[in-house]
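Tertiary structure, described
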Amino acid sequence: MATSKNYGSYLVRLMPRCASLVLVVLAGFVSLAGQQQRTFRAGTDVIVVDVQVVDRRGQPVRGLQADDFDVRIDRQRRRVLSVEAVQFGAGGAREPAAHAGQRAGGPGDEGRDFVLAIDESSFQPLHGMAAREAAKRFIERLEPSDRVGLYTYPVHGPDLVLTTDHQQVLSQLEHVVGVLDLPQAEYRLSLSEVFDLTAGDEDALTRISRRECPQAPGPCRQRVTIQAQGLALAFEGQVGQSVNGLRTLLRALTGYSGRRTLVLVSGGLLASDRVGGRPDVSSVIDDIAREAALANVNLYVLHMDSSFIDAFSPKGAGVRASFMRDATALGAGLDRFAGLAGGALFRVQAGTGDAAFERVLTETSAYYLLGVEPDPADRDGRPHKISVNVRARGAQVRSRTTVVIPN
């Protein structure tokens, strides 16, 4: 076991120092060159909804018609008036339209648009290098006509510009680093134990005090409780930094035309798994998910999970009884974010992440544009819940979860 001065939990070491509790105020401004303000009104009585439909292997499902889609706004069914299949051929370029219901490429676009966002604050330096190398291979597999831009957070550098100059983006990737600092603490508390202690679990407090202070567990109780509260505050600070960085990006993406795929690469976004436990970040994650839905981005979240590797590192504590619970909690915030925003989460537990990036490229090779007839009550300029389902066995649907229809 690790010494009492070494924070033994493999997962807790993925969080910032307890002293680093101040949230970063992000002042960076993000721009998209050549983009115009997006409007959802396609005609007097039609709104356009872009939808991605894939099978279990990630291959686009083709040949769907209007009757195959079930679109609902605030749980009320809306009529699908038209369907256009948008697909990209070899080289990422628009394919020639085969018939009136098929369009080659996006509206006014020659290739796909990708925003690659990397949360540097979620990676230790070594794992940050691994994420960087995986991102490089993803960019190298893009087609010549695909546009891509790099966004690192919580502190972002130059303005984000989507470009077909992939070499320029590869050069920018060289500056990506993991900046996660490792905390030092008196007691070896796992993430699960922090959740339990901050939730006021007396049984957990008694058990941990006896383990950490076998000679005098009574006086140890208060110190263990204080440390758990301090760590929870540090976790909340780390999540706040990540969320602020994402919010800056999403607000810049909101209101611009064209279909954009946001590929988010993160080492984790921690959330407590019990009522009353901390860090309680569900509300801030819900807020950022709503902003992602309003930004109408096609969202993919890659959780580069280093839990197992860290457990057996020289400073690791090995696989403890709480291993699975801790690992799940580390990715819980990402899972919640992706689900509420209508995106997909891929968990990369070992290896390079190449398979997950390849899945992104496969899935984004085609999508549908639906012409949907709204109810007059939908046209109030306010956010409305929207859901899209298809009548195709085993199909997965990627679509926005919120829509704002102008008056």
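Residues numbered from 1 in each chain as written. Predicted model: local features only at pLDDT ≥ 70, side-chain atom pairs only at ≥ 80, totals over all residues. Heavy atoms only, no water.

1. Some points on the state of the cysteines
To keep it simple, the criterion reads: Put simply, a disulfide is two cysteine sulfurs that come within 2.5 Å. Each residue is assigned to one of three classes by its accessible area relative to the maximum for its type, calculated with a 1.4 Å probe on protein chains only: buried under 20%, partly exposed between the two thresholds, exposed over 50%.
Inspection of the entire model under this criterion finds 1 disulfide. Here C213 pairs with C220 through a disulfide, and the sulfurs are 2.2 Å apart. Taking the torsion about the sulfur-sulfur bond, which here is approximately 50 degrees, the covalent link between C213 and C220 counts as right-handed. Owing to a relative accessible area of 11%, C213 belongs among the buried residues under this scheme. By relative accessible area, C220 is classed as buried at 0%.

2. Quick word on the sheet that holds strand β2 (residues 69–73)
Counted only if it meets this: In this scheme, strands are said to pair when DSSP sees at least two bridges between them. Helical segments are the DSSP runs of H or I of at least four residues, strand segments are the runs of E of at least two, and each set is numbered from the N terminus. Here, axes are lines fitted to C-alpha atoms. For helices the fit covers the stretch in contact, and angles between N-to-C directions go from 0 to 180 degrees.
With antiparallel pairing, 4 strands are arranged side by side in an open sheet as β3-β2-β12-β14. The strands lining the two open edges of the sheet, one partner per strand, are β3 (76–78) and β14 (402–404). Between one strand axis and the next, the sheet turns by 40 degrees as a mean value, whatever way the strands run. The pairing of β2 with strand β12 (residues 383–390) spans 5 bridges and is antiparallel. Note on β12: the bridge partner recorded for I73 is I386.

3. Here's the deal with the nonpolar core
Note that soluble globular proteins tend to have their nonpolar side chains buried in a common cluster. Worth spelling out the cut-off: Throughout this description, the term nonpolar core refers to a set of buried Ala, Val, Leu, Ile, Met, Phe, Trp, Tyr and Cys residues connected via side-chain atoms within 4.5 Å.
Core analysis: the largest hydrophobic core is formed by 29 residues, its most contacted members being L249, L262, L264 and F337. Counting residues per element, the ones that place at least two in this core are β6 (113–119), β7 (147–153), α5 (217–253), β8 (260–266), α6 (282–295), β9 (298–304) and α8 (323–340). The element that contributes the greatest number of residues to this core is α5, accounting for 6 residues. Listed in part, the 28 residues of the second largest apolar core include V176, V263, A344 and L361.

4. Some remarks on the pattern of salt bridges
The test is simple: Take a side-chain nitrogen of Lys or Arg and a carboxyl oxygen of Asp or Glu: if they are within 4 Å of each other, that pair is a salt bridge.
Applying the stated criterion across every chain yields a total of 29 salt bridges. Between R325 and D273 there is a salt bridge; the shortest N-O distance is 2.7 Å. Remark: D273 occurs in the loop between β8 and α6 and R325 occurs in helix α8; sequence separation between them is 52 residues. According to the relative accessible area criterion, R325 is partly exposed, its value standing at 29%. Between R398 and E363 there is a salt bridge, with the nearest N and O atoms lying 3.0 Å from each other. Of this pair, R398 sits in strand β13 (residues 396–399) while E363 sits in helix α9 (residues 354–363), and the two are 35 residues apart along the sequence. When sorted by exposure, R398 lands in the same class as E363, which is buried. Salt bridges here are not isolated pairs; linked through shared partners, they connect D196, D201, D273, R274 and R325.

5. What to know about the sheet that holds β8
Strand pairing in a sheet relies on backbone hydrogen bonds. The paired strands run either parallel or antiparallel. In plain terms, the rule: Working rule for contacts: check all heavy atoms of both residues, and any pair within 4.5 Å makes them a contact.
Ordered by their spatial adjacency, 5 strands build an open sheet running β7-β6-β8-β9-β10, and the pairing between neighbours is parallel. Across the chains shown, the open sheet's two edge strands, defined by having one partner strand only, are β7 and β10 (344–348). Between one strand axis and the next, the sheet turns by 20 degrees as a mean value, whatever way the strands run. Bridge count between β6 and β8: 6 bridges; the pairing is parallel. The partner of V115 across the bridge, within β8, is L262. In the packing of α5 onto the sheet, the strands contacted are β6, β7 and β8, and the crossing angle to β7 comes to about 150 degrees.

6. Side note on the pairing of β8
Counting buried positions over the 7 residues of β8 gives 7, a clear majority of the element. As defined by bridge partners, β8 adjoins β9 across 6 bridges and the pair is classed as parallel. Looking across to β9, one finds that T261 is bridged to N298.

7. Focus on the packing of aromatic side chains
Cut-off, in case you're wondering: Between rings of Phe, Tyr and Trp, where Trp is taken as its six-membered ring, a pair exists when centres lie within 6.5 Å; planes separated by under 30 degrees are stacked, by over 60 edge-to-face, and by other angles tilted. Two conditions define a charge located above a ring, namely a distance within 6 Å from the ring centre to NZ of Lys or CZ of Arg, and an angle within 35 degrees of the ring normal.
This structure, assessed with the given rule, holds 5 aromatic pairs. Ring geometry for F69 versus Y368: centroids 5.4 Å apart, planes at 70 degrees, classification edge-to-face. Here the residue F69 occupies a position in strand β2, and Y368 occupies one in strand β11 (residues 366–372), the gap between them amounting to 299 residues. Taking relative accessible area as the criterion, F69 reaches 2% and is therefore assigned buried. In this structure an aromatic cluster arises from ring pairing among F114, F138 and F357. Between R259 and the ring centre of Y367, over which it is positioned, the NZ or CZ distance is 4.1 Å.

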